[in-house]
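Listed here are the chains, written in short residue letters.
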Amino acid sequence: MRTTRLVWVEQIPLVFGLEWLPLLGEPDRIASQARQEGAGHWVLSGNPPAALGLARGLAVRRPCWSAAALWARQHPQGTVACVLALDTHSWHVLASHEGVALARADRGYPDQALATQALETLRLSYPRLRQVCADDDGVPKQLAGLAAGAPPMTRVHRRARWLFVAALALALVAAGAIWLRGWTADRPAADARQQGAWEAALSAALARRPIHGEAGTRALLGAVYRQPARLAGWSLQSLSCQPAPPSTQWHCRSEYRRRDARADNRGLLRGALAGWTVDFPALDIAQVTWRVPVPAQSPDPRRLPRARLAMRDWASALQAVLPAFTTLRLEAARPLTVEAPRDEQGRALPPPATLPALALRALRVEGPLRSGVLLAPLAQSVSWQKLSVSHLPGTRPGLRASRLSFHLEGHVYENHP
């Protein structure tokens, strides 16, 4: 757990050492999320907001400001960092990227060398990181000066204790009524049938979205990488793949255009890869269909990452590779839809209390095709649904640009214990 520190600078309370999380949920749920995390204060960073900072154990009742949020506000462009000496025994790292506080910064170290080493670790993910602290003593004063034009941190208001007691009493009364109404001699057998029916329904829902993980992601991308961009005077125009029954097989379709005046259908057929089915709908167009074996397995609810850890660690890992993509979007979590089983009378059975509470986050990725390999180590809990590749001949190659651009869609599993 991150320890916060309050430093007074010219009568302005600055807070160091917040825990920064990617802002993934709906804005109106921020307060409840901060309450669930046990935080006493929260603050947003970015315009529009892209990160949520949480402070725990902050004993102050007057308005206070996050030093990391002010630092990010001061540097709206680029990746900018600073190693700040708070006293003779404490060095603090502040860093931001495009005006957003970085999740792996805003941390204190007992030794300046450790702080510098942490800064170099950040540089591995952000090669263009600039360290701009020329005068450590002047940085806190600069941040304190920005506080007048920035919103302070928001306090998390706890619900009154009597509300909790009342809710508990109502829950006990309701539970007692349900117990008295529902208890019968054959209740254990009915509960067992209900449990088994719901477990079968959950297994069916999970089987519809198997996890591809690192092995499946590498297999899918590897098969795409092996498709020739040019072949016998024909050039790849587009490519698309989607899973087909069984779930370990993907159906792919490529379109090639005739670019060389000397190219013909016979030359393309001679160079065709094993497993290709080639069709020529026009004189200058060739359509190729092929299948890709992609390893996948049904998720084990007990091994799925917990929501809080996924949002803190896994999403932070995505942020580290973000510079290599044009789009890397992770949506808010939605409960996994499980069709309720029914009894002999056709009535939906209520879910048992022991049923795992699972959720999915939609994931969408776009960028240069070569950047796809960066996703494989991060795909342990990902189920992919669609992949496409487009040829963009007029594109100037760069870090986030390539003549071969890909689009990948899927869902990420998480557990809500």
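Structure shown above.
Residues numbered from 1 in each chain as written. Predicted model: local features only at pLDDT ≥ 70, side-chain atom pairs only at ≥ 80, totals over all residues. Heavy atoms only, no water.

Peer 1: Got a minute to help me understand the pattern of salt bridges in this structure?
Peer 2: A side chain of one charge can pair with a side chain of the opposite charge if their charged atoms are brought near each other. Overall, the coordinates contain 15 salt bridges when judged by the stated rule. Linking arginine 312 and aspartate 313 is a salt bridge whose minimum nitrogen-to-oxygen distance equals 2.8 Å. Taking the relative accessible area as the measure of exposure, arginine 312 reaches 27% and is therefore partly exposed. For aspartate 313, a relative accessible area of 40% gives the class partly exposed. Of the charged contacts in the structure, one is a salt bridge between glutamate 366 and arginine 364, with a shortest N-O distance of 2.8 Å. Residue class for glutamate 366 comes out partly exposed when judged on its relative accessible area of 24%. The exposure class assigned to arginine 364 is partly exposed, which follows from its relative accessible area of 24%. Members of the salt-bridge network, linked through shared partners, are Glu19, Arg56 and Arg308. (Salt bridge = Lys/Arg side-chain N within 4 Å of Asp/Glu carboxyl O. Buried < 20%, exposed > 50% of the residue type's maximum accessible area, 1.4 Å probe, protein only.)

Peer 1: How should I be thinking about the sheet that holds strand S1 (residues 5–9) in this particular structure?
Peer 2: Picture the strands of a sheet paired through backbone hydrogen bonds; they go either parallel or antiparallel. Strand order in the open sheet made by the three strands is S1-S2-S6, with mixed pairing throughout. Two strands in the sheet have a free side with no partner beyond their single neighbour: S1 and strand S6 (65–66). Two strands pair when backbone bridges link them, and strand S2 (residues 12–16) and S6 are joined in this way by two bridges, in the parallel orientation. In the strand pairing of S6, valine 15 is matched with serine 66. Contacting S1 and S2, helix H4 (residues 138–146) crosses the sheet at an angle of about 110 degrees to S2. (Pairing = 2+ DSSP bridges. Helix = DSSP H or I, 4+ residues; strand = E, 2+ residues; numbered from the N terminus. Contact = heavy atoms within 4.5 Å. Axes fitted to C-alpha atoms, helices over the stretch in contact; angles between N-to-C directions.)

Peer 1: Whenever I open this one, the nonpolar core confuses me. Can you help?
Peer 2: When a protein is soluble and globular, its nonpolar side chains tend to lie buried together. Residues Trp290, Leu363 and Leu387 are the most contacted members of the largest nonpolar core, which totals 41 residues. Setting aside its immediate chain neighbours within four residues, tryptophan 290 contacts Ala223, Gln227, Leu239, Cys241, Trp250, His251, Cys252, Arg253, Ser254, Gly275 and Trp276. If you look at the next biggest cluster of nonpolar residues, it comprises 33 residues, including Leu14, Trp20, Cys82 and Ala103. (Core = buried A, V, L, I, M, F, W, Y, C linked by side-chain atoms within 4.5 Å.)

Peer 1: How should I be thinking about the side chain of histidine 407 in this particular structure?
Peer 2: Following the sequence through the fold, histidine 407 ends up in strand S22 (residues 404–415). Its relative accessible area of 15% is what places histidine 407 among the buried residues. Of note is the side chain of histidine 407, whose polar atom sits 2.8 Å from the side chain of glutamate 366. Within the structure, the side chain of histidine 407 is placed 2.6 Å from the side chain of glutamate 409, a separation counted as a polar contact. If sequence neighbours within four positions are ignored, histidine 407 has contacts with Arg364, Val365, Glu366, Lys386, Leu387 and Ser388. (Polar contact = N/O pair within 3.5 Å; in protein donor to acceptor, adjacent residues only side chain to side chain.)

Peer 1: Could you clarify how one ought to interpret helix H9 (residues 307–321) in this entry?
Peer 2: Residues separated by three or four positions in an α-helix point in the same direction, a consequence of the helix having 3.6 residues per turn. End to end, H9 covers 21 Å across 15 residues, agreeing with the expected 21 Å (1.5 Å per residue, within 8%). Maximal helix bending in H9 amounts to about 25 degrees, located at alanine 315. Those residues of H9 not exposed but buried are Ala307, Ala310, Met311, Trp314, Ala315, Ser316, Leu318, Ala320 and Val321. (Expected span 1.5 Å × (residues − 1). Bend = angle between axes of the 7 residues up to and from the residue.)

Peer 1: When you look at a nonpolar patch on the surface in this model, what are you seeing that I'm missing?
Peer 2: Together, Tyr225, Val373 and Leu374 make up an exposed nonpolar region whose accessible area comes to about 230 Å². For valine 373, a relative accessible area of 39% corresponds to the partly exposed category. (Patch = residues over 30% accessible without salt bridge, like charges linked within 9 Å, V, L, I, M, F, W, Y side chains within 5 Å. Areas by Shrake-Rupley, 256 points an atom, 1.4 Å probe, with all protein chains shown as cover.)

Peer 1: I would appreciate a short explanation of the side chain of glutamine 194 in the present structure.
Peer 2: Of note, glutamine 194 is situated in helix H6 (residues 187–207). Beyond its immediate sequence surroundings of up to four residues, glutamine 194 is in contact with Leu349, Pro350, Pro351 and Pro352.

Peer 1: Can you walk me through the sheet that holds strand S4 (residues 41–45) in this structure?
Peer 2: Across the sheet, four strands lie side by side as S3-S5-S4-S12; this open sheet has antiparallel pairing. Strands with a single pairing partner mark the edges of an open sheet, and in this sheet they are strand S3 (19–22) and strand S12 (154–155). Relative to S12, S4 is paired through two bridges, and the arrangement is antiparallel. For tryptophan 42, the partnering residue across the bridge sits in S12 and is threonine 154.

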